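Listed below, chain by chain, are the residues.
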Amino acid sequence: MENQVHKVVIIGSGAAGLTAAVYAARANLDPVVIDGTMPGGQLTTTTDVENFPGFPEGVMGPELMDRMRQQAERFGTKMIFDQVLEVDLKSNPKKLKLGQSEIQAHAVVIATGASPKLIGLEAEKKLMGRGVSTCATCDGAFFRNADLIIVGGGDSAMEEATFLTKFAKKVYVVHRRHELRASKIMQERAFKNEKIEFIWDSAVDDILSEGKNEVTGARIKNLKTGETKDMKIDGVFVAIGHVPNSAPFAKQLKTDENGYILVTKGSATELPGVFAAGDCVDHVYRQAITAAGMGCMAALDAERYLANLGLDD
Ligand code: NAP
């Protein structure tokens, strides 16, 4: 184990983690950020971000995250490209076991975000990366002239369906109800797009591969009538929400029934010196700007905690 005890370690490098890093670094707390398995977080898998204040023309998600990273590094944040496997958050200092090393810190900010939810089909797992995807921005370009399915009725599904029409011949949105959850503006964009067709009150019951190692079709079930039909399809994009990345902490911290970390005052968890921010906490707002705001709160809370213990210099 590294002998040095850091003042604050931030776990996660999405909007919450990097904003916490900017604030902690500017407060001379020499923060260390553990990058995690997806450096930059979910915004790196999105395209135009039109609602992050300060970018009237919009900004691409990966560029926004790159700028946040540069801003954090400018003030001395140290980035470690690794992931947290186990934690002891009750000891003092707190101990974090990473893939390649172990580190210690007086304060910890958990900003591990959330990961895409899956439908739960056997074929979905088997064909992941072979026609099944949870990231249109990452994989859309592989599907030129293809017939695709998007599962979901939220903003992500509308955004991804619209994005995929740049490449695909046809995009079918399969949604389990007859009403979308997505915001009006995103709905309208999708409704106007001639390449998008909606299959309402329906679910993907199976993903077909006809003995090949790639998606060749999908079995769609009408949830009202129970009828099923097979469609010839080249790819299935799943956009049905997310699950919080709280597994390494769940034994030591309280979570709700869906695994979201519970915070009490501001960003404080029930353990002294452990703070949480962003999508691993928040299942209501889940925006880049709210995650960033929560990251700021966590850094300020950590700073006050360290100052009270005289550990801030
Ligand atoms: P979401 O809002 O939770 O929507 C998930 C969708 O998937 C819902 O339509 C839901 O159906 C459906 N669904 C959930 N579980 C399912 C299952 N097991 N099988 C089939 N369908 C299922 O998630 P999201 O679209 O990822 O959006 C998350 C947050 O990010 C939201 O706050 C959203 O506004 C935000 N976001 C914003 C933008 C943007 O503004 N550019 C883009 C993407 C996301 P029901 O409707 O029936 O529950």
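In what follows, the structure referred to is the one given above.
Just so it is clear, the structure is predicted and the values come from calculations on it, not from any experiment.

## Thoughts on the site of the ligand
Point 1. Taken together, 20 residues surround the ligand, and among them Asp155, Ser156, Arg176, Arg177 and Arg181 come closest.
Point 2. A distance of 3.0 Å separates an oxygen atom of the ligand from a polar backbone atom of Gly153.
Point 3. Contact between the ligand and Ser156: an oxygen atom at 2.6 Å from a side-chain N or O atom of the residue.
Point 4. Protein chains shield 79% of the accessible area of the ligand, which is 930 Å² for the free molecule.
Point 5. The element best represented in the shell around the ligand is helix H5 (residues 155-164), accounting for 3 residues.
Point 6. When the residues that make up the shell around the ligand are grouped by side-chain class, the tally is 4 nonpolar, 9 polar and 7 charged.
Point 7. Counting only domains with at least three residues in the shell around the ligand, you end up with domain 1 (5-115 + 242-308) and domain 2 (118-238).

## Examining unusual backbone geometry
Point 1. Each neighbour pair has its own omega, and for Asn92 with Pro93 the value is 0°, a cis peptide bond.
Point 2. Note on placement: Pro93 falls in the loop between strand S6 (84-88) and strand S7 (94-98).
Point 3. Phi is positive for Asn28, close to 60°, though the residue is something other than glycine.
Point 4. Tracing the backbone through its elements, the reader meets Asn28 in the loop between helix H1 (15-26) and strand S2 (32-34).
Point 5. Here Asn28 falls in the exposed class, since its relative accessible area comes to 55%.

## A closer look at the sheet that holds strand S12 (residues 170-174)
Point 1. Here 5 strands make up an open sheet; going across it, the order is S10-S17-S11-S12-S13 and the pairing parallel. The two strands at the open ends of the sheet, each matched to only one other strand, are strand S10 (132-133) and strand S13 (196-199).
Point 2. Where S12 and S13 come together, 4 bridges link them in parallel fashion. Bridge assignment links Val174 to a residue of S13, and that residue is Ile199.
Point 3. H5 rests against strand S11 (147-151), S12, S13 and strand S17 (235-238) of the sheet, and its axis sits at about 170° to S11.

## Some details on the pairing of S17
Point 1. Burial of the side chains of S17 extends over both faces: Gly235 and Phe237 are buried on one face and Val236 and Val238 on the other.
Point 2. Pairing of S10 with S17, which is carried by 2 bridges, proceeds in the parallel orientation. Across the sheet, the residue bridging to Val132 is Val236, located in S17.
Point 3. Here S11 runs beside S17; their pairing, made up of 4 bridges, is parallel. Bridge assignment links Val151 to a residue of S17, and that residue is Val238.

## A look at helix H2 (residues 61-74)
Because each turn of an α-helix spans 3.6 residues, side chains separated by three or four positions in sequence point in the same direction.
Point 1. The terminal C-alpha atoms of H2 lie 20 Å apart, and with 14 residues this matches the ideal 20 Å at 1.5 Å per residue to within 8%.
Point 2. All of the buried residues along H2 are Gly61, Leu64, Met65, Met68, Arg69 and Ala72. Mapping the buried residues of H2 onto a view down its axis gives an arc of 135°, with all of them on the same face.
Point 3. Backbone geometry just after H2 places Gly76 at a positive phi near 100°.

Cut-offs and rules
Residues numbered from 1 in each chain as written. Predicted model: local features only at pLDDT ≥ 70, side-chain atom pairs only at ≥ 80, totals over all residues. Heavy atoms only, no water. Near = heavy atom within 4 Å. Polar contact = N/O pair within 3.5 Å; in protein donor to acceptor, adjacent residues only side chain to side chain. Areas by Shrake-Rupley, 256 points an atom, 1.4 Å probe, with all protein chains shown as cover. Helix = DSSP H or I, 4+ residues; strand = E, 2+ residues; numbered from the N terminus. Nonpolar A, V, L, I, M, F, W, Y, C, P; charged D, E, K, R; others polar. Domains from an automatic or database assignment. Buried < 20%, exposed > 50% of the residue type's maximum accessible area, 1.4 Å probe, protein only. Pairing = 2+ DSSP bridges. Contact = heavy atoms within 4.5 Å. Axes fitted to C-alpha atoms, helices over the stretch in contact; angles between N-to-C directions. Expected span 1.5 Å × (residues − 1). Arc of directions from axis to C-beta.

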